[in-house]
Amino acid sequence: APYPTPDWVRSTNIYEVNVRQYTPQGTFNAFKTALPRLKEMGVQTLWFMPITPISKVDRKGALGSYYAVQNYTAVNPEFGTLDDWKALVKEAQGMGFKVIIDWVANHTGADHAWLTQHPDFYIKDSTGKAAYAFDWSDTRELDYSNRRLRDSMISSMQWWLTETGIDGFRCDVAGEVPTDFWQEAITSLRRIKPIFMLAEATGKPDLLRAGFDADYTWDAFGLMKDLANGKSTPAALDSIINRADTAYPRNSMRMFFTSNHDENSWNKADYGTMPGAVHAPFSVLTFTLPRSIPLIYSGQEEPFLDSVSFFYKDTITFGNYSRAPFYKTLLNLHSSNAALHSGAGFKKLATTGDKVYAFERSSGAYKVLVAVNLSAQSRTVSFITAPATASWQNVFGGAAFEAEKPLTLEPWGYRVY
């Protein structure tokens, strides 16, 4: 690529911010008070769900979907002003965070000005009206065969970089937008500054060749749900790793998660999809598997065990942050240990017993050994493949591990050395 991935992306992590539901006020200014806590926890990149104004025509629910964009170069007044946003970006970046925003290129809301000013920007239905895809009746689908639309979309994205100084974009339904558009857009955006580009897509490696740095791991997430519910075996993780190695560009990354706004609102992730105490071993995998950029969704550090409404005000209640120390350990390990950075080596370690998944990551002198028990029974296993080092330090502060000895893991237990 003419403008390569910025170095910081290789070791970053992502925290997804749902501004509306984050505080009782639901504003940029109210969210700012969480920055010191998130910094202390080890968060590096903040992804804000769409912050643009929301269409009123065909709006769903009382407040509408953030993904029904009324104006690409303005801020949702529900959240505050453009100056409030710029102040938040400046403060966050001053503390060392990177800031990316959610970008909805596939469609606009049902009362975007383009519908009257540029009706040719839209795909038409059989009656000649602007059409919508799937059941997204609050949106209208854009027509990427139109050159002027492409130029308008790129200049809107450029505006956010030059006006507000953000560090990149998470691109909604990226696979529904032509890949050649993304190639053109990303090339022009990277002329302005080095940025991080995250595609909401799985199994479309062409998007990564077009300039995206990372995509989604719905394949891994689906498997983790099956494992949590006893419907698969840990060996199936091999195929996800191998598929990425064969189909994806060498340096591309993937965003791993146990929850996100969609999975939480519609499918009760992760408190329903990974019942009870099952969250931990899967979270460990999201931080340690090859190519991983791990994601934490708003409230997971609490943990907030409820689905957050999409179209209505439904404030996340914070107070205990009982999962925060667990995340802090993993966040700091992921950012500071080069064995977990993109491109570091991966070696699966064979063990006795079929429910424990164990592997080693390495880069030069850096090494990380992971073993997770993906079952509801206690397991004691020995390593058939010898780990690279005899003695290992437990990152969660437990006893050190001598590799020639058997390892006992409690139900859904995990060890990171």
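Right above here is the structure, for reference.
What you see as residue numbers is a count from 1 along each chain, following the sequence as written. Given that the model is predicted, a residue must reach a pLDDT of at least 70 before its local features are reported, and side-chain atom pairs must reach 80 or more before they are shown or counted; all residues, however, enter totals for whole chains, interfaces and linings. As a convention, hydrogens and water are excluded, and side-chain values are obtained from all of the structure's heavy atoms.

Q: Sorry, what's going on with the overall build of the protein here?
A: For helices the rule is a DSSP run of H or I covering at least 4 residues; for strands it is a run of E covering at least 2, with both sets numbered from the N terminus onward. Along the backbone of the protein there are 13 helices and 18 strands. Both definitions apply: the radius of gyration is a C-alpha atom measure, and the globule rule equals 2.2 Å times residues to the power 0.38. Taken against the 2.2 N^0.38 rule, which gives 22 Å for 417 residues, the C-alpha radius of gyration of the protein at 22 Å falls within 12% of a compact globule. Classification of residues uses two cut-offs on accessible area relative to the type maximum, computed with a 1.4 Å probe and protein chains only: under 20% is buried, over 50% is exposed, and between them is partly exposed. Across the 417 residues in the protein, those meeting the buried criterion constitute 55%. A separation threshold of at least 6 residues defines the contact pool for the protein, and within that pool the share at least 24 residues apart is 71%. Areas reported as accessible are Shrake-Rupley estimates using a 1.4 Å probe. Residue values count occlusion only from the protein chains shown. Summing over all exposed atoms, the protein offers an accessible surface of approximately 15,800 Å²; the carbon and sulfur share of this is 51%. Within this scheme the basic residues Lys and Arg register as positive and the acidic residues Asp and Glu register as negative, but His and the chain ends are omitted. Lysine's charge is taken at NZ, arginine's at CZ, aspartate's at CG and glutamate's at CD. Charge-centre separation for the protein: the mean point of 41 positive side chains lies 3 Å from the mean point of 43 negative side chains. The contact rule is simple, with two residues in contact once any of their heavy atoms fall within 4.5 Å.

Q: Explain the nonpolar core here, please?
A: In summary, soluble globular proteins display a tendency toward joint burial of nonpolar side chains. Among the nonpolar cores identified, the biggest contains 117 residues, and Leu-46, Trp-85, Phe-169 and Trp-182 are the most heavily contacted of them. Once you skip the residues sitting within four places of it in the chain, Phe-169 turns out to touch Ile-100, Ile-101, Trp-103, Met-157, Trp-160, Leu-161, Leu-189, Phe-196, Met-197 and Leu-198. As used here, the term nonpolar core means buried Ala, Val, Leu, Ile, Met, Phe, Trp, Tyr and Cys residues forming a set that is joined through side-chain atoms within 4.5 Å. Grouped together as the second largest cluster of nonpolar side chains are 13 residues, Leu-349, Val-356, Ala-358 and Trp-392 included.

Q: Looking at this structure, how should I read the pattern of salt bridges?
A: Any two side chains of opposite charge can pair, on the condition that their charged atoms come close. A pair is scored as a salt bridge if a Lys or Arg side-chain nitrogen falls within 4 Å of a carboxyl oxygen belonging to Asp or Glu. All chains considered together, the criterion is met by 23 salt bridges. Close ionic contact of Asp-219 with Arg-254 constitutes a salt bridge, the shortest N to O distance being 3.1 Å. One end of the pair, Asp-219, is in helix H9 (residues 218-228); the other, Arg-254, is in strand S9 (residues 253-256), with 35 residues separating them in the sequence.

Q: Teacher, can you tell me more about unusual backbone geometry here?
A: Most peptide bonds adopt trans geometry, and most residues besides glycine take a negative phi value. Asp-270 follows Ala-269 through a cis peptide bond whose omega is -5°. Inspection of the secondary structure puts Asp-270 in the loop between helix H11 (261-267) and helix H12 (279-288). Here the amide bond leading from Glu-302 into Pro-303 is cis, since omega sits at -10°, within 30 degrees of zero. With respect to the helices and strands, Pro-303 occurs in the loop between strand S10 (292-297) and helix H13 (324-336).

Q: I tried to follow helix H4 (residues 82-94) on my own but got confused; where do I start?
A: An α-helical turn contains 3.6 residues, so any two residues separated by three or four positions project in the same direction. An ideal rise of 1.5 Å per residue puts 18 Å on 13 residues; H4 measures up with 18 Å between its terminal C-alpha atoms. When H4 is considered as a whole, its buried residues turn out to be Trp-85, Leu-88, Val-89 and Ala-92. Down the axis, H4 shows its buried residues gathered within 100° of arc, on one side only. Structural note: H4 exposes Asp-83, Lys-90 and Gly-94 on the side pointing more than 90 degrees away from its buried face. At its buried positions, H4 is contacted by helix H2 (28-32), helix H3 (35-41), strand S2 (45-48), strand S3 (98-103) and helix H6 (147-164). Expected span, for any helix, means 1.5 Å times one less than how many residues it has. Arc definition: directions from the helix axis to the C-beta atoms.

Q: Can you walk me through the packing of aromatic side chains in this structure?
A: Note on aromatic pairs: each is described by the distance of the centres and the angle between the planes. Paired rings are identified among Phe, Tyr and Trp, the last through its six-membered ring, by centres lying within 6.5 Å, and are further divided according to the angle between planes into stacked (under 30 degrees), edge-to-face (over 60) and tilted (the rest). Applying the stated criterion across every chain, the model contains 38 aromatic pairs. On the numbers, 5.0 Å between centres and 80° between planes, the contact of Tyr-22 with Phe-31 is edge-to-face. You'll find Tyr-22 and Phe-31 in the same group, each marked buried. Plain terms: the ring middles of Tyr-22 and Phe-318 are 4.9 Å apart, the flat faces sit at 40° to each other, and that makes the pair tilted. Placement of Tyr-22 in helix H1 (residues 19-22) and of Phe-318 in the loop between S10 and H13 is noted, with a sequence separation of 296 residues between them.

Q: For this particular structure, what's the right way to read the environment of Asp-125?
A: Following the sequence through the fold, Asp-125 ends up in the loop between helix H5 (114-117) and strand S5 (139-141). Distance from Asp-125 to Ile-101, taken between C-alpha atoms, is 31 Å for residues 24 residues apart in sequence.

Q: Hey, could you run me through the sheet that holds strand S18 (residues 414-416) in this one?
A: Sheet strands associate in pairs through backbone hydrogen bonding, adopting either a parallel or an antiparallel arrangement. Pairing is antiparallel in the open sheet, where 4 strands are placed in the order S11-S12-S13-S18. Each edge of the sheet is formed by a strand with only one pairing partner; in this case those strands are strand S11 (345-348) and S18. Neighbour-to-neighbour, the strand axes of this sheet turn through a mean angle of 15°, independent of strand direction. Here 8 bridges tie strand S12 (residues 356-363) to strand S13 (residues 366-373), and the two strands are oriented antiparallel to one another. Pairs of strands are assigned from DSSP output, requiring at least two bridges between the strands. Axis lines are fitted through C-alpha atoms, for helices just across the contact stretch, and the angle between N-to-C directions can take any value from 0 to 180 degrees.

Q: What is the right way to look at the environment of Ala-133 in this model?
A: When you line up the elements, Ala-133 lands in the loop between H5 and S5. The class for Ala-133 is buried, based on a relative accessible area of 13%. In this structure the C-alpha to C-alpha distance between Ala-133 and Glu-176, which are 43 residues apart in sequence, comes to 9.9 Å.

Q: In this structure, what is going on with the pairing of strand S7 (residues 196-199)? I would like to understand it.
A: The side chains of a regular strand alternate between the sheet's two faces. Burial of the side chains of S7 extends over both faces: Phe-196 and Leu-198 are buried on one face and Met-197 and Ala-199 on the other. Alignment of strand S6 (residues 168-171) against S7, held across 4 bridges, turns out to be parallel. When the bridges of S7 are listed, Gly-168 appears paired with Phe-196. One crossover worth recording links S6 to the parallel S7 by way of helix H7 (residues 179-190), and it is right-handed. Orient the strands so they point away from the viewer, and a crossover whose first-strand-to-second-strand path over the helix runs clockwise is right-handed.

Q: How should the packing of H9 against helix H10 (residues 236-247) be read in this particular structure?
A: Across the interface, H9 lies against H10 with an axial gap of 10 Å and an inter-helix angle of 175°. In terms of orientation, H9 and H10 fall into the roughly antiparallel class. Contacts from Asp-219, Ala-220 and Leu-223 in H9 reach Ala-236, Leu-237, Ile-240 and Arg-243 in H10. In the scheme used here, Gly and all other residues not listed as nonpolar or charged are polar, with Ala, Val, Leu, Ile, Met, Phe, Trp, Tyr, Cys and Pro taken as nonpolar and Asp, Glu, Lys and Arg as charged. Taken together, the residues that form the contact of H9 with H10 break down as 5 nonpolar, no polar and 2 charged. When describing relative orientation, an angle under 35 degrees is termed roughly parallel and one over 145 degrees roughly antiparallel, while 65 to 115 degrees is termed roughly perpendicular and anything else oblique.

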